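Descriptive analysis of the structure
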Amino acid sequence: MIDVILGLQWGDEGKGKIVDYFAKDYDMIARFQGGPNAGHTLYVGNEKVVLHQIPSGIFHDHKENLIGSGVVLDPITLIKECEAVKKLGVDYRKNLYISERTHLILPTHRALDKASEINKGIEKIGSTLKGIGPAYMDKTGRNGLRVGDLLNKSFTTQYIKLRLKHQRMLDSFNFTEDISDWEEEFFEALEFIRSFKIVNGEYFINEKLSQGKKILAEGAQGSMLDVDFGTFPFVTSSSTISAGVCTGLGVAPQKIKEVIGITKAYCTRVGSGPFPTELTDETGDFLRNAGNEFGSTTGRPRRCGWIDGVALQFACMINGVTQIVMTKADILDGLEQLKVCTKYKIDDQETNWVPFQMLKSKPEAIYETLEGWNTDITKIDDYNNMPAAMKTYINYLNKFLGVPVKYISNGPGREQLVKA
Ligand code: GDP
Ligand code: IMO
Ligand code: MG
């Protein structure tokens, strides 16, 4: 049986914290897509850790952690992450596995990401510049190199061939930055990867499933950044939704049981693209400051706004969400009034559908206003003791989304999670 935890918005919903919390109930945590563009924050004691590619179960000693086939892996970032978790006492060699089908991010992928963004000018995606788009393009274009290739003698020849192709593309972008330092680091990092437990991810995971083991799939990014169903082209390059678990790990859809969707109590987005409930006023600034809304991977300020019920309904539909975890409820503590976007207005017509081209349709958010609770909830550990206005907010969303909010996170700490 496999359960999934994934983001329902534009990323950074708090997946790292929630995966870490639930990891104790599972035997294995597996990442199925994305790569170093992800930044999943968790706290080990008072230490803050940001994981990019390592699954967020790594701090649970007896769990296995798999970087699955659907991930694109940057070896240089992986070394840094491994060093960070080692400092906190984790023997990552013991319980971290990498699938041989996982694609590698090459230094030239990072350069191509940067060149492409510069070339797009004001139309840029606002990518994390980690090489995600070019690496996935090489995967679907059937050129990419995989972790399993590292064990073949022909790896260097394959690398040189692909590098030449990338150089021609970089030349066409007039990209002249010297990347030789990255390449040196990359080749050192490949030695490190070779020494890892490289497995056939599909047999590895399916054998565990047939032994009755419990697996938790950890999503990266969010549903509105999904390459097919997000706000294209302002999306990432992978399938961030529950279907991505099947293609990214090689498991059948019938094996998926719970789909746990995470939403913030409000909404954020980092990078370019449409964001109907964005607040560019002082309430937006309040959310950014109170919520410390700065990117975990890039440090960029996140755009902030009210919760978008229309986008959430859509995300619940395409993922088959069975329960919701609402994070950062405590950030709304200081607000007198809260708003929930319940409809979009496009060309004077109201709709509850997410449009095909959100940027061109310019949806105007229509809101329902609810009372704020204006109380510090960070120390409350029993739902019964939550303020009435917070319960009203939760009940409203339960009804609107047709999926229950089962947990409320009221602080970044490991134990700050209240069962509704
Ligand atoms: P992820 O990418 O979905 O794992 O989310 P990030 O780690 O990028 O961003 C979430 C941020 O919110 C992190 O700094 C978390 O420590 C923090 N966080 C998570 N849940 C809560 C919460 O309930 N309240 C507060 N105040 N912070 C939270
Ligand atoms: P986690 O897992 C928030 C955004 C980027 C950009 C777009 C494409 O921490 O929630 P990419 O580098 O993937 O080509 O960038 O997607 N983005 C994220 N935003 N959280 C993330 O990951 C993100 N990963 C990518 O800002 O708009
Ligand atoms: Mg993040």
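Structure: above.
What this report covers is the structure whose coordinates are included nearby. All residue numbers refer to position in the chain's written sequence, counted from 1. Lettering for chains starts from A, numbering for ligands starts from 1, and both go in the order in which the items are written. Only residues with pLDDT of at least 70 are given local features in this predicted model, and only at 80 or more are side-chain atom pairs given and counted; all residues enter the totals for whole chains, interfaces and linings. For the side-chain quantities, the full set of heavy atoms in the structure was used; hydrogens and water were omitted.

1. Digging into the pairing of strand β4 (residues 47-51)
Strand direction decides the pairing type here: strand β3 (residues 40-44) and β4, joined by five bridges, are antiparallel. Following the sheet pairing, H40 is matched in β4 by L51. For two strands to be treated as a pair, DSSP must find at least two bridges joining them. A helix here means a DSSP run of H or I that spans at least four residues, while a strand means a run of E at least two residues long, and both kinds are numbered starting from the N terminus. Between the end of β3 and the start of β4, which pair antiparallel, lie two residues, with G45 showing a positive phi angle near 60°.

2. Considerations on the site of ligand 1
In the region of ligand 1, 19 residues are neighbours, and K15, T41, S296, D330 and S409 sit closest. N or O atoms within 3.5 Å of each other form a polar contact, as long as, within protein, one can give a hydrogen and the other can take it, and as long as residues adjacent in sequence are counted only when both atoms are side-chain atoms. Within the side chain of T41, an N or O atom sits 2.5 Å from an oxygen atom of ligand 1. Within the contact set of ligand 1, an oxygen atom lies 2.7 Å away from a side-chain nitrogen or oxygen of S296. Look at ligand 1: alone it shows 590 Å² of surface, and the protein chains cover 93% of it. Elements that contribute at least two residues to the shell around ligand 1 include exactly α1 (15-22) and β3. For each domain, the first and last residues come from an automatic or database assignment. In this structure, the shell around ligand 1 is formed jointly by two domains, domain 1 (2-101 + 198-260) and domain 3 (264-419), each of which donates at least three residues. Here a residue is considered near a molecule or strand provided that any single heavy atom belonging to it is located within 4 Å of it. Per-residue and other accessible areas were derived by the Shrake-Rupley procedure at a 1.4 Å probe size, with only the shown protein chains allowed to occlude residues.

3. Let's talk about the side chain of T240
Inspection of the secondary structure assignment puts T240 in the loop between β10 (215-218) and α9 (243-249). Note on T240: relative accessible area 0%, which makes it buried. Within the structure, the side chain of T240 is placed 2.9 Å from the backbone oxygen of G222, a separation counted as a polar contact. Note on contacts: a residue pair qualifies if any of its non-hydrogen atoms lie within 4.5 Å across the two residues. With near-sequence residues (within four places) excluded, T240 lies in contact with L6, F32, Q33, A220, Q221, G222, S223, L225 and D226. Classification of residues uses two cut-offs on accessible area relative to the type maximum, computed with a 1.4 Å probe and protein chains only: under 20% is buried, over 50% is exposed, and between them is partly exposed.

4. What to know about the packing of aromatic side chains
Whether two aromatic rings pair depends on their centres lying within 6.5 Å, for rings of Phe, Tyr and Trp, where Trp uses its six-membered ring; planes under 30 degrees apart make the pair stacked, over 60 edge-to-face, and the rest tilted. Under the criterion given, the structure shown has 13 aromatic pairs. Plain terms: the ring middles of F22 and Y407 are 5.2 Å apart, the flat faces sit at 80° to each other, and that makes the pair edge-to-face. In this pair, F22 sits in helix α1 while Y407 sits in strand β19 (residues 405-409), placing the two residues 385 residues apart along the sequence. By relative accessible area, which is 14% here, Y407 ends up buried. Here the basic side chain of K24 rests over the ring of Y21, its NZ or CZ set 3.9 Å away from the ring centre. Between R194 and the ring centre of F155, over which it is positioned, the NZ or CZ distance is 5.9 Å. We count a charge as sitting over a ring when the NZ of a lysine or the CZ of an arginine lies within 6 Å of the ring centre and within 35 degrees of the ring normal.

5. Digging into the packing of helix α4 (residues 107-120) against helix α7 (residues 180-194)
When two helices pack together, their arrangement is captured by the angle between the axes and the distance separating the axes. Every axis in this analysis is a line fitted to C-alpha atoms, fitted for helices over the stretch in contact. Angles between the N-to-C directions lie between 0 and 180 degrees. For the pair α4 and α7, interaxial distance at closest approach is 9 Å and the crossing angle is 140°. On α7, the residues that touch P107, R110 and A111 of α4 are W182, E183 and F186. Any residue outside Ala, Val, Leu, Ile, Met, Phe, Trp, Tyr, Cys, Pro, Asp, Glu, Lys and Arg is labelled polar, Gly included; the first ten of those are nonpolar and the last four are charged. Its residues assigned to classes, the contact of α4 with α7 comprises four nonpolar, no polar and two charged.

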